[in-house]
Amino acid sequence: MKKKIVFSLFCALMTVCASATTVIPLSVEDLTSVSSLVVEARAISSSTKWNAAHTVIFTYTTFQAQRPLKGGAAAIVVRQLGGTLDGITEKVPGVRHWKIGEQAVLFLRPGEVPDGSFEVTGLMQGNFFIYHGPTGESLVSNGSPDVSAY
């Protein structure tokens, strides 16, 4: 009897742990359409904060807009799940945090929290890291499989 209870609890736990986030692939046109702000920007600062219940860490990265592509803003704060705070690190698959000085083309939408921050549209899909190719040309990639560099 005890084995059946333990097995039932194990199955219930595995069901909860097996849940996952499904990301619907978006084209660049779709990303642009559903984003209120598209901008080439440079990360200038970053901080981490707990949510109100002290159960989830968020990273807030401030960007300086370099070239607006849709909408307009001089400084933009982007909120992402995960980060390190109080000796605890939360990592979220598909979320890439920026380093200070990094450049990116960002597809953004207003965040769910009414604090003025933005969220990356389509999770990692709207975060295009800018890097330089072997001949010095600027390229972008969001790091998603099957996405070409442009």
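Note that the structure is predicted; figures quoted are calculated from it, not measured.

Rules behind the numbers
- Residues numbered from 1 in each chain as written.
- Predicted model: local features only at pLDDT ≥ 70, side-chain atom pairs only at ≥ 80, totals over all residues.
- Heavy atoms only, no water.
- Helix = DSSP H or I, 4+ residues; strand = E, 2+ residues; numbered from the N terminus.
- Buried < 20%, exposed > 50% of the residue type's maximum accessible area, 1.4 Å probe, protein only.
- Contact = heavy atoms within 4.5 Å.
- Pairing = 2+ DSSP bridges.
- Core = buried A, V, L, I, M, F, W, Y, C linked by side-chain atoms within 4.5 Å.

A.B. asks: Please explain the environment of Ile44 as it appears in this structure.
C.D. replies: Among the secondary structure elements, Ile44 is positioned in strand E1 (residues 37-50). You can call Ile44 partly exposed: its relative accessible area is 40%. For the pair Ile44 and Lys99, spaced 55 residues apart in the sequence, the C-alpha separation amounts to 8.5 Å. Not counting residues up to four positions away in its chain, the partners in contact with Ile44 are Thr62, Phe63, Gln64 and Ile100.

A.B. asks: I keep staring at the pairing of strand E2 (residues 57-70) and nothing clicks. Help me out?
C.D. replies: Within a regular beta strand, the side chains point alternately toward one face of the sheet and then the other, so they alternate between its two faces. Taken together, the 12 bridges between E1 and E2 define a ladder with antiparallel strand orientation. Across the sheet, Ser46 pairs through a bridge with Thr61, a residue of E2. Once E1 ends, the chain turns through 6 residues before running back antiparallel as E2, passing His54 with a positive phi of about 60°. Bridge count between E2 and strand E3 (residues 75-81): 7 bridges; the pairing is antiparallel. Bridge pairing in E3 links Thr62 to Val77.

A.B. asks: When you look at the nonpolar core in this model, what are you seeing that I'm missing?
C.D. replies: The nonpolar side chains of a soluble globular protein tend to be buried, and buried together. Judged by nonpolar contacts, the single largest core of 14 residues is most densely connected at Val39, Phe63, Ile76, Val78, Trp98, Leu106 and Leu108. Of all the elements in the fold, those that place two or more residues in this core are E1, E2, E3, strand E6 (103-110) and strand E7 (118-120). Ranked by residues supplied to this core, first place goes to E1 with 4 residues. Not counting the four nearest positions on each side in its chain, Val78 is found in contact with Thr59, Tyr60, Thr61, Phe63, Trp98, Leu106, Leu108, Phe118 and Val120. Grouped together as the second largest cluster of nonpolar side chains are 7 residues, Leu31, Val38, Val105 and Phe107 included.

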